[in-house]
Amino acid sequence: MWLLKKAANPCILPSSFPHTSTPNTPMLTPLTPTPSRQAPSAQHGTTRHHDKRFFRIPAKLKGQTPSPPRADWSEMVCAWIGGFVGIAAVAFLHFRVLDTVGLQLITGSFGSSAVLLFGAIKSPLAQPRNLLGGHLLSALVGVVCYQLVGDIPWLASSLAVATAIVLMQITKTLHPPGGATALIAVIGGDSVHQLGFLFVLAPVTIGAVVMLAVALVVNNIPRNRQYPTFWW
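Residues numbered from 1 in each chain as written. Predicted model: local features only at pLDDT ≥ 70, side-chain atom pairs only at ≥ 80, totals over all residues. Heavy atoms only, no water.

K.L.:
How would you sum up the packing of helix 4 (residues 109–119) against helix 9 (residues 198–218)? Please name residues and give values.
P.N.:
Two elements in contact, helix 4 and helix 9, have axes whose closest approach is 11 Å; the angle formed by their N-to-C orientations is 25°. Comparing the axis directions of helix 4 and helix 9 gives the class roughly parallel. Our pair here, helix 4 against helix 9, has a crossing hand that is right-handed. Taking contact as the criterion, the partners of Phe110, Ser113, Ala114, Leu117 and Phe118 in helix 4 are, on helix 9, Pro203, Val204, Gly207, Ala208, Met211, Val214 and Ala215. A per-class count over the contact of helix 4 with helix 9 returns 10 nonpolar, 2 polar and no charged. (Axes fitted to C-alpha atoms, helices over the stretch in contact; angles between N-to-C directions. Helix = DSSP H or I, 4+ residues; strand = E, 2+ residues; numbered from the N terminus. Parallel < 35°, antiparallel > 145°, perpendicular 65-115°, else oblique. Left-handed = near helix turned anticlockwise from the far one by under 90°. Contact = heavy atoms within 4.5 Å. Nonpolar A, V, L, I, M, F, W, Y, C, P; charged D, E, K, R; others polar.)

K.L.:
Tell me about the layout of surface pockets, and please be specific about residues and values.
P.N.:
Here the largest pocket is characterised by a volume of approximately 160 Å³. Residue lining of the largest pocket: Ala71, Glu75, Met76, Ala79, Phe118, Gly119, Ala120, Ile121, Lys122, Asn224, Arg225 and Gln226, and that is the complete set. Contributing elements (two or more residues each) for the lining of the largest pocket: helix 3 (73–96) and helix 4. (1 Å grid on protein atoms, 1.4 Å probe; cavity = no way out; pocket = protein on both sides within 12 Å on 5 of 7 lines; lining within 4 Å. Points joined across faces, edges and corners; volume = space filled by probe spheres on them.)

K.L.:
Break down the nonpolar core for me, with residues and values.
P.N.:
Ranked by size, the top nonpolar core spans 17 residues in total, and within it Val90, Leu117, Phe118, Leu131, Met211, Ala215 and Tyr227 carry the most contacts. In terms of residue count, the dominant contributor to this core is helix 9 (7 residues). Residue contacts for Val90: discarding those within four places in its chain leaves Leu105, Ile106, Phe110, Gly207, Val210 and Met211. Judged by nonpolar contacts, the second largest core, of 9 residues, contains Ala139, Ile184, Ala185 and Val200. (Core = buried A, V, L, I, M, F, W, Y, C linked by side-chain atoms within 4.5 Å. Buried < 20%, exposed > 50% of the residue type's maximum accessible area, 1.4 Å probe, protein only.)

K.L.:
For the pattern of salt bridges, give the residues involved together with the corresponding values.
P.N.:
Going through the model one piece at a time under the given rule, you end up with 1 salt bridge. Glu75 is paired through a salt bridge with Arg225; the nearest N and O atoms lie 2.5 Å apart. Linking Glu75 in helix 3 with Arg225 in the segment after helix 9, this pair joins segments that are 150 residues apart in sequence. Exposure remark for Arg225: the relative accessible area of 5% places this residue in the buried category. (Salt bridge = Lys/Arg side-chain N within 4 Å of Asp/Glu carboxyl O.)

K.L.:
Tell me what's going on with the packing of helix 4 against helix 7 (residues 177–187), and back it up with residues and numbers.
P.N.:
Axis separation between helix 4 and helix 7 bottoms out at 8 Å; the angle between their running directions is 175°. Regarding the angle of helix 4 to helix 7, the classification is roughly antiparallel. In contact with Ser109, Ser112, Ser113 and Leu116 of helix 4, helix 7 contributes Pro177, Ala180, Thr181 and Ile184. Here the contact of helix 4 with helix 7 is composed, by residue class, of 4 nonpolar, 4 polar and no charged.

K.L.:
An account of the packing of aromatic side chains is requested, with residue identities and associated values reported.
P.N.:
Summed over all chains, the structure comprises 1 aromatic pair. Note on Trp80 and Phe84: the rings are 5.4 Å apart at their centroids and 5° apart in plane angle, and the pair reads as stacked. Here Trp80 and its partner Phe84 are both found in helix 3, 4 residues apart, which amounts to about one turn of the helix. Residues Trp80 and Phe84 agree in their burial class; the two are exposed. The residue whose ring lies beneath Arg129 is Trp232, and the NZ or CZ to ring-centre distance is 4.4 Å. (Phe/Tyr/Trp six-rings, centres within 6.5 Å; stacked < 30°, edge-to-face > 60°. Lys NZ or Arg CZ within 6 Å of the ring centre and 35° of its normal.)

K.L.:
Provide a residue-level description of helix 6 (residues 153–170), including the pertinent values.
P.N.:
Spanning 18 residues, helix 6 covers 26 Å between terminal C-alpha atoms, matching the ideal 26 Å at 1.5 Å per step. Taken together, the buried positions of helix 6 are occupied by Ala156, Ser157, Ala160, Ala164 and Met168. On an axial view of helix 6, the arc spanned by its buried residues comes to 100°, and they lie on one face. More than 90 degrees from the buried face of helix 6, the exposed residues found are Trp154, Gln169 and Ile170. Tucked inside the fold, the buried residues of helix 6 contact helix 5 (128–149) and helix 7. Positioned one or two residues after helix 6, Lys172 has a phi angle of 55°, which is positive. (Expected span 1.5 Å × (residues − 1). Arc of directions from axis to C-beta.)

As structure tokens, then:
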């Protein structure tokens with residue numbers, strides 16, 4: 001009967017029809033909002049990042065390669081002769097010549113320079129550019145730091161060494177004993193402090209030139225040794 005009423009009155013709305021369901025008509029169910037997962041806070045994420053970075057440190061301490069082979073006996077003999085002659089030349093000039101007029105030509109950092117000049121002649125850190133430039137720039141930095149903040153010894157020491165490292169890196173004159181030279185300019189005592197900027201010339205620069213001259217001779221006497229690898 002309701003079909004006949006629909007045909008007779010086409011304006012009847014579908015809402016007035018009786019509710020029927022067919023197998024092909026899906027039943028709509030109301031949507032319920034799902035709880036949203038809150039994003040972790042920035043502080044929590046940063047903490048986890050720092051934790052991961054911290055736990056990477058033990059893995060890095062394992063090293064990557066085995067230690068290099070030991071030098072042969074001929075290399076050891078040449079290194080001993082070079083170290084002996086190099087330091088002897090500087091010390092002789094210091095105690096027999098300059099010390100009598102109140103000047104110096106020897107400083108503690110020359111000992112580590114001798115290790116590089118005669119024990120690791122192929123190292124870029126042992127080449128003439130690094131030897132001379134590293135000592136000269138580091139001595140200059142040390143003297144300046146002492147004169148600026150010498151009344152705060154711990155600050156002057158750390159500032160001198162850190163600045164010397166970066167300056168040597170910028171100028172491509174990285175020489176590890178240069179760090180000791182900068183430190184000696186700060187903590188060397190009255191005998192060093194009284195020299196002022198003269199410390200840059202003697203003992204540092206002149207002493208480095210003397211050691212370089214010895215290295216150029218001693219390191220090139222054996223057939224299997226050649227020094228330097230580069231000059232500039």
